Every structure is written in C-alpha cells, then in structure tokens.
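Remarks on the overall topology
The lines below spell out each chain.
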Amino acid sequence: MSVCIMVDVAKWPVFSMLGPQELSMIQKAIVFGLSANEAIYITKDNEVYVFGMNCSNCLGIGDSQSTIVPRKLDFLSGRKVVSLSYGSGPHVVLATEDGEVFAWGHNGYSQLGVGTCNQGVTPVLVSANLHSKKVTEVACGSHHSMALTDTGEVYAWGYNNCGQVGSGSTSNQPIPRRVSSILQNKVAVSIVCGQTSSLAVVDNGEVYGWGYNGNGQLGLGSNVNQLTPCRLVALQGLCVQQVVSGYAHSLALTDEGLLYTWGANTYGQLGTGNKSNQLTPVQIMTGKERVVEVAACHSTHTSAAKTQSGQVYMWGQCRGQSIVLPHLTHFTCTDDVFACFATPSVMWRLLSMEHDDFLTVAQCLKKEFDNPDTADIKFSVDGKFIHVHKAVLKMRCEHFRSMFQSHWNEDLKDVIEISQFSYPVYHSFLKFLYTDQVELPPEEAIGLLDLATSYCENRLKQLCQHIIKRGITVENAFSLLSAAVRYDAEDLEEFCFKFCVNHLTEVTQTTAFWHIDGNLLKDFICRASRCKAFKN
C-alpha cells in the first residue's frame, strides 16, 4: 500500500544519516529489517536507492556488504514503483507502473518466486504465470509473497508450511500460483500478509483468510490452520474497506468507519482492554469518532488508527510497553507511531511524499526574503539594498515594532538608510528574522553581536556567541574577549578568557594582545593571576 502524505522520513533513525539535499529528493521510502536497519527510497526522477545492513542481500546491490552510503539500483532505473513490501528474511518484492514484479533478498523458501532457493543478490523479474498480467499491489509475509492483478486475481508463492500460499497443501510454492478455490470468481481489491497468514478483501467488502491460524488471526472462530481461503463470516453484512495484519493479529475497517480486530493479543494489540486472543472479530473504539485509517505490519505487534478529525491512536507493543486500549497521541499520521514507538521502528507501508510544491509558512517566509517583487520597504546599507516586508519585521522584532509607528519618520519612508552596521551584518540580521538562522563567519558575527545587543535581540545574541566560540583562534582570541566585554556577553567572555589562559604563551605574542585597551589588559592579568596562570 502506498499513500501520499506529509511526513518527515528523518523520524526513522536510519534516515538521519542522509543530508538535507538527499532527503529533499525522496519521493517514496520504506524502512524494514529485523532491527529497522535497512531502507529503500525512490527519488523524484524514479531512481531507486538502498542503504543499511544488507542482511541476506536484501539491498539487492550484488554483494553482501552493508552500506552507510546510499547505492543506486541501476537495474530498476526509470521504473516507476507503485507497490513495495518486505519479508522477515528479509526479502523485497515490488511492482512497477507497468505491472511488472521484481524481487531480491532472502530466498530460502522460494519467496522470490523465480523457481529456485538461491539468494537474490540483485533484483530479478518475477515472470512465471505473471508475464501476461499487470500487477498493481504486492504483499509479503515472513517468507511468502503475494501479488494482486488489475483484474482482481491473487497470486502467492514461497513458504507454505501453514497453507499461507493458499494452494491446498503445505508444500512450498517456488513460482507464483493463482489463489483460486473460493476466490476463483471473486475480484480482490487488496491483499495483506501476517507472518504466516494471508488476507484478501474483495470488491463487495468481504474478507477471506488462509494460512496459520494458531492465534485466531484468520478470524474464523477457531485456531485451525487453513490451506485454502475461507470467508470471515463474522463480518457478514459489513463492507470492509481496509484490512491490515500485524505479526499475528488483524484489523478491519468498514466503509462506515467501524473498526474490528482479532487474533493474537499478548501485547494488547487488539485494543480490547485485555490480553486475551480473539478468534473472531471484535469491534473496538466504539465510543470514538469515525475511523478513517488503520495501521499494522507483520514485523510488529503495534496497532494504530486515525479518526475523521485527524486524531491518531496507538496500542499494542509500544516501546516495550503493552498498551491494551487505544491511546490518543499527538501525532498527525499513523506512520509516526511506527517511527517512534514500534519495535522494530519499520514503516508499515510504502510512503509517498508527494508535496505538490506545497510550502509551509516558514518556507514561504524564507523564500520571500530580499524579494523585490513582494517587498514593501528596503534598507540601504553600504550602497546595497535589502528588500523586506514591514509586517514580518514588526512581528519578529520589537525594534521594528516601535520604528514603524506613525510618529516615527521611518514609517513614511520607502528606503531606510543604515550607517552604523555593515551590509553583511545587517543582511544577516534581517535574514535571521525570516529564517531563525545565522550564516556569518566569526569575524562578522562580532558586528552582529553588537547589533543584537543594540536591538535587544537575546536569541540572536546567543547564536552569535555560538558562532564566535566555534571560530576562536590564538590570533583572534583577545579581540573576541574584548568584544565579549564590550557587548556584555558574559558566557562568551568566560569562554574567551579560558581560551586565552589555556594558550597564554601564544596569545600574549599576538598583535591583538598588545593593542588591547589598558583597563582590559589589567583586568585580564588580575583574573589570570587569580587562576594561577603565571605560576611556573
């Protein structure tokens, strides 16, 4: 399943290794693996990149080496991915816009569908029985795989010890085989996998399940495994819109926004208020508003749901705790639950981050800084103009709030002359008001510190001090100490003083030391003496 949402992939620890430029290019992404240490992402120009631990060759890069640097899968270059899923081996299966299926990774049970049990070190086309079909969705269990075609046919292959392939036997299935039996004349619209179980929703809202049922995850009223699809009769009369499966539990959402759960409940993942397994579907969140989305994946025992008003609930195994009732979170999407609370912190679906060039308020402000087309006032500094907006300056700075009042002459001017500060300093200051960021070398930051002190901008003052600290050297240490004293920056003063004491011999040989103000020099010698800096 893939959905367009606004989500920050950097919430998943593995993506924190990527820089802003790489993150901005991501169109789709998924995090998987036993420790959530593998990731795949697709860029805006449909290039597929992978990085992480590479267990069982699950990155498809042609070798078994892990990689902290993203590597491109050239074989998939230019192919538009519409669906992607992963197993526990792990193995990876994806479908392209053209309806082709590719797989790689762990293949001990023929879960790649290529007729062998050889590891898939690079992506391979899964064509047996699918060459004339257009696959629109794929799903993976622990070691089995499924595919859904545009005509509603379901195909399965791989590990079949519990009947999860739906072939009527428990023999492993080396190539895709159509799941027929009771589904023969049905049109399936979605498929999901638990660890060793399978579910399908058909076009009239009925749900069918097969495979392992030891915890009741098929919802049939028993715990007997099923080798072929069986209808969940307990959901009769309901039109199911979405089904998801956890490790050994399942959730179903109806077209009326009702939520049902069944199966394993060791961690409270059914949300029933206890830890008892349920062999048939039980309705939960009955006192809450309409549910519009449910979330789970076979790697975890975590469940999540989103309501019509955007509230997100979570329950089950959450960071080691067992939450037995749906708990209201501050998240805005179910994906964040898995990033922050699931173990492992995988993604429960392929995320598609299509923002349609939408800009946040902060991004818009940053974009409009020094834009003459939208500005209503400009500052002239050292003969150069800086174009800004009165409203922004008044909102962000008390100095400008006072300046742009009717009794000030500046309120009537289109151009305001600035003579006491340099262009780089004033430009950086105004840009800070739009971005909350400062980009200046330490030498220029001294001038900005002066401005911040004059304008009573304490936050800016702190940022300047951080910049200056990072740029301190033997040559400029005494100049920076002098500036810190002049602008009453106590924290910076203490930092510079300690630096000078720690490098006393070198500092006292610099030009800056001998050109310093006499009073400051005396004060420094007294303080250094008290610190026993001159002790042999």
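Predicted model only: the values in this text are computed from it and were never measured.

Focus on the overall build of the protein chain
- The secondary structure content of the protein chain amounts to 13 helices and 29 strands.
- In terms of overall size, the protein chain is more extended than a compact globule, its C-alpha atoms giving a radius of gyration of 31 Å where 536 residues would be expected to give roughly 24 Å.
- The principal-axis extent of the C-alpha atoms belonging to the protein chain is close to 95 × 60 × 45 Å.
- Split into buried and exposed, the 536 residues of the protein chain put 53% on the buried side.
- In the protein chain, the proportion of contacts linking residues at least 24 apart, taken out of those at least 6 apart, comes to 52%.
- Element-wise, carbon and sulfur atoms account for 49% of the exposed surface of the protein chain, whose accessible area totals about 23300 Å².
- The protein chain carries 40 positive and 49 negative side-chain charges, and their two centres are separated by 5 Å.

Quick notes on a nonpolar patch on the surface
- Where nonpolar side chains cluster on the molecular surface, the patch consists of Met17, Ile68 and Val69 and spans about 290 Å² of accessible area.
- Mapped onto the secondary structure, isoleucine 68 falls in strand S5 (residues 67-72).
- By relative accessible area, isoleucine 68 is classed as exposed at 58%.

A look at the sheet that holds strand S25 (residues 321-328)
- One open sheet holds the four strands; their spatial order is S22-S23-S24-S25, and the pairing between them is antiparallel. If you trace the sheet from one side to the other, it starts and ends with strand S22 (291-295) and S25, each paired once. Looking at each pair of strands side by side, their axes are set apart by 10 degrees on average, direction ignored.
- The pairing of S22 with strand S23 (residues 302-307) spans four bridges and is antiparallel. Its bridge partner being in S23, valine 291 is matched across the sheet by threonine 307.

Focus: the nonpolar core
- One finds Phe15, Ile40, Leu259, Trp315 and Met347 to be the most contacted residues of the largest nonpolar core, which totals 62 residues.
- Within the second largest apolar cluster, 61 residues are counted, among which are Ile377, Val388, Leu481 and Ala483.

A short note on the pairing of S22
- Burial analysis of S22 places four of its five residues in the buried class, which makes it a mostly covered element.
- Between S22 and S23, which pair antiparallel one after the other, the connecting turn spans six residues.

So, the packing of helix H10 (residues 490-502) against helix H13 (residues 518-530)
- The geometry of H10 relative to H13 is characterised by a closest axis approach of 11 Å and an angle of 70 degrees between their N-to-C directions. Taken together, the axes of H10 and H13 are roughly perpendicular relative to one another. Between H10 and H13 lies a crossing whose hand is right-handed. Judged by residue contacts, Glu493, Glu494, Phe497, Cys500 and Val501 of H10 engage Phe524, Arg527 and Ala528 from H13.
- Split by residue class, the contact of H10 with H13 holds five nonpolar, no polar and three charged.

About the thresholds
Position numbers for residues start from 1 in each chain and track the written sequence from start to end. Confidence filtering applies because this is a predicted model: local features only for residues at pLDDT of at least 70, side-chain atom pairs given and counted only at 80 or more, and all residues used for totals across whole chains, interfaces and linings. Hydrogens and water are ignored here; the side-chain numbers use all heavy atoms of the structure. Secondary structure elements are taken from DSSP: a helix is a run of H or I of four residues or more, a strand is a run of E of two residues or more, and numbering for both begins at the N terminus. We compute the radius of gyration over the C-alpha atoms and compare it with the globule rule, which gives 2.2 Å times the number of residues raised to the power 0.38. The classification of residues rests on relative accessible area computed with a 1.4 Å probe and restricted to protein chains. Under 20% of the type maximum is buried, over 50% is exposed, and intermediate values are partly exposed. Here, two residues are considered to be in contact whenever any of their heavy atoms come within 4.5 Å of each other. The protein chains shown are the only cover counted for residues, whose accessible areas, like all others here, come from Shrake-Rupley with a 1.4 Å probe. Working convention for charge: Lys and Arg count positive, Asp and Glu count negative, and His plus the chain ends are omitted. For the purpose of locating charges, the reference atoms are NZ of Lys, CZ of Arg, CG of Asp and CD of Glu. In this scheme, patches are assembled from residues that exceed 30% relative accessible area and form no salt bridge. Like charges are connected within 9 Å, while nonpolar side chains (Val, Leu, Ile, Met, Phe, Trp, Tyr) are connected within 5 Å. By definition here, a salt bridge exists when the distance from a side-chain nitrogen of Lys or Arg to a carboxyl oxygen of Asp or Glu is within 4 Å. For two strands to be treated as a pair, DSSP must find no fewer than two bridges joining them. Lines fitted to C-alpha atoms define the axes, with helix axes restricted to the stretch in contact, and inter-axis angles between N-to-C directions lie between 0 and 180 degrees. Working definition of a nonpolar core: buried Ala, Val, Leu, Ile, Met, Phe, Trp, Tyr and Cys residues. They are joined through side-chain atoms within 4.5 Å. Reported orientations rely on four angle classes, namely roughly parallel under 35 degrees, roughly antiparallel over 145, roughly perpendicular from 65 to 115, and oblique for the rest. A crossing counts as left-handed when the near helix is turned anticlockwise from the far one by less than a right angle, and as right-handed when that turn is clockwise. Under the grouping applied here, Gly and all other residues not named as nonpolar or charged are polar, the nonpolar ones being Ala, Val, Leu, Ile, Met, Phe, Trp, Tyr, Cys and Pro and the charged ones Asp, Glu, Lys and Arg.

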